[in-house]
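A look at the structure
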Amino acid sequence: MTDPFEQLAMPIEPQAPRPAFARSLRARLVEALGLDPAAAAPTVELPRRKPMSATATDAAATSRAT
Amino acid sequence: MSDPTATADQRAALVDLYDRALPEVYGYLASRSGSATVAEDLTSETFLAAVDAVQRGTVPELTVAWLIGVARHKLVDHWRRQGRERDLPEPPVEVVDDWDVRLDQLLAREALADLGPHHRSALTLRYLDGLPVREVAACLGRTEGATEVLLVRAKAAFRARYENGSER
């Protein structure tokens, strides 16, 4: 059996808390710091959108108008 | 309410740090306390203390290491509040999945969880966190000499439980 005190050594392993807790605590911090909640919102990577086809839309709008 | 002495940059920097450091602070507290509920409470206390420090302008450097130091003090405060009460810990947050490899480690953690708050906090700071005796003493608010005596007693209590556990 190895030295029990060596067995106790424990590096810090990141662990995600409950998302609801993380959001709630973040909101508390932003409020306590007096920051604008909108400006302090976390940056979210949005999925890239496909470009819309202007020609098709314009054609449909034109046909509805006539 | 924010203090005007804290610059907007510092306050925004703390929120950025929160986004980066939350898993480490929470992971540190969850692994040491063995309770998700306690870890959430102490994580909240840690970051609210950080807000207070930023507003008072007493933060040496806004880093993850500094936050872990704050979390460590919150953990010690938690154990102090427990005093001499001997409550059973909640089930560990993280399930050990490699039983054969981690058996000794599990026994050691069980023995540690079975100790009283004073012994547990001293051994956690010294052996889990790997702090030198001087820093353990500072965290516990004791002299180095008193801390060494506490560690000797805590190790003896730990060994007795560990050896008893490994013989089961």
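Conventions used here
Residues numbered from 1 in each chain as written. Chains lettered and ligands numbered in written order. Predicted model: local features only at pLDDT ≥ 70, side-chain atom pairs only at ≥ 80, totals over all residues. Helix = DSSP H or I, 4+ residues; strand = E, 2+ residues; numbered from the N terminus. Buried ≥ 20, exposed ≤ 12 C-beta atoms within 10 Å, placed from the backbone. Contact = placed C-beta atoms within 7 Å. Axes fitted to C-alpha atoms, helices over the stretch in contact; angles between N-to-C directions. Parallel < 35°, antiparallel > 145°, perpendicular 65-115°, else oblique. Left-handed = near helix turned anticlockwise from the far one by under 90°. Nonpolar A, V, L, I, M, F, W, Y, C, P; charged D, E, K, R; others polar. Core = buried A, V, L, I, M, F, W, Y, C linked by C-beta atoms within 7 Å. pLDDT = per-residue confidence, 0-100.

Glancing now at the overall build of chain A. When its secondary structure is counted, chain A shows three helices and zero strands. If you list the helices and strands of chain A from N to C, you get α-α-α. Looking at chain A as a whole, 12% of its 66 residues qualify as buried.

Each helix and strand in chain B was counted, giving seven helices and zero strands. Going from N to C terminus, chain B has its helices and strands arranged as α-α-α-α-α-α-α. Looking at chain B residue by residue over its 168 residues, the buried ones come to 35%. Taking the contacts inside chain B whose residues are at least 6 apart along the sequence as the reference set, 69% of them involve residues at least 24 apart.

With that out of the way, let us pick up the packing of helix α2 (residues 19-32) of chain A against helix α2 (residues 36-56) of chain B. Running from amino to carboxyl end, α2 of chain A crosses α2 of chain B at an angle of 20°, the nearest separation of the two axes being 10 Å. With respect to α2 of chain B, the axis of α2 of chain A lies roughly parallel. As α2 of chain A runs across α2 of chain B, the sense of the crossing is right-handed. Facing Phe-21, Leu-25, Leu-29 and Ala-32 of chain A of α2 of chain A, the residues of α2 of chain B in contact are Glu-40, Thr-43, Ser-44, Phe-47, Leu-48 and Val-51 of chain B. Tallied by class, the residues present in the contact of α2 of chain A with α2 of chain B amount to seven nonpolar, two polar and one charged.

The next subject is the interface of chain B and chain A. As a measure of interface size, the accessible area lost when the parts come together is often cited. Each partner contributes residues to the interface: chain B has 35 residues there, and chain A has 26 residues. Put simply, the parts of the chain that give the side of chain B that touches chain A at least two residues each are α1 (8-33), α2, α4 (99-113), α5 (117-128) and α7 (144-166) of chain B. Considering only residue class, the side of chain B that touches chain A consists of 21 nonpolar, eight polar and six charged.

This brings us to the packing of α1 of chain B against α2 of chain B. Residues and elements named next belong to chain B. As a packed pair, α1 and α2 sit with axes 9 Å apart at the nearest point and diverge in direction by 150°. As far as their axial angle goes, α2 and α1 are roughly antiparallel. The element α1 and its partner α2 pack so that their crossing is right-handed. Facing α1, whose interface residues are Gln-10, Arg-11, Leu-14, Tyr-18, Val-25, Tyr-26, Leu-29, Ala-30 and Ser-33, α2 presents Ala-36, Val-38, Ala-39, Leu-42, Thr-43, Thr-46, Phe-47, Ala-50, Val-51 and Val-54. Its residues placed into classes, the contact of α1 with α2 shows 14 nonpolar, four polar and one charged.

Now for the nonpolar core. Core analysis: the biggest nonpolar cluster contains 25 residues, and Leu-29 of chain A together with Leu-14, Tyr-18, Val-25, Leu-29, Val-51 and Ala-71 of chain B have the highest contact counts within it. When residues of this core are traced back to their parent elements, those giving at least two are α2 of chain A together with α1, α2 and α3 (64-82) of chain B. Residue contributions to this core peak at 10 residues, all from α1 of chain B. Every residue in contact with Val-25 of chain B, bar those within four places of it in the chain, is listed here: Thr-43, Thr-46, Leu-67, Ile-68 and Ala-71 of chain B. Core analysis: the next-biggest nonpolar cluster, separate from the first, contains 18 residues, Val-136, Ala-137, Ala-154 and Phe-158 of chain B among them.

Right, let's talk about α5 of chain B for a bit. Residues and elements named next belong to chain B. Among the 12 residues of α5, 10 are classified as buried, and the element is accordingly described as predominantly covered. Among the residues of α5, those classed as buried are His-119, Arg-120, Ser-121, Ala-122, Leu-123, Thr-124, Leu-125, Arg-126, Tyr-127 and Leu-128. Looking one or two residues beyond α5, the residue adopting positive phi is Gly-130, at roughly 70°.

Bringing the environment of Thr-63 of chain B into the picture now. Residues and elements named next belong to chain B. Checked against the element boundaries, Thr-63 lands in the loop between α2 and α3. Look at Thr-63 and you get exposed, because 12 C-beta atoms sit within 10 Å. Put simply, Thr-63 and Ala-21 are 42 residues apart on the chain and 8.6 Å apart in space, counted from C-alpha to C-alpha.

Residues and elements named next belong to chain B. Overall, the predicted model of chain B reaches an average pLDDT of 83, with 82% of residues at or above 70. Mean pLDDT values over the elements of chain B span from 71, in α4, up to 95, in α2. Low pLDDT, under 50, characterises residues 90-97; the predicted model gives this stretch 10 contacts beyond four residues in sequence or across chains. For this predicted complex, the interface confidence reaches an ipTM of 0.70, while the overall pTM sits at 0.70.

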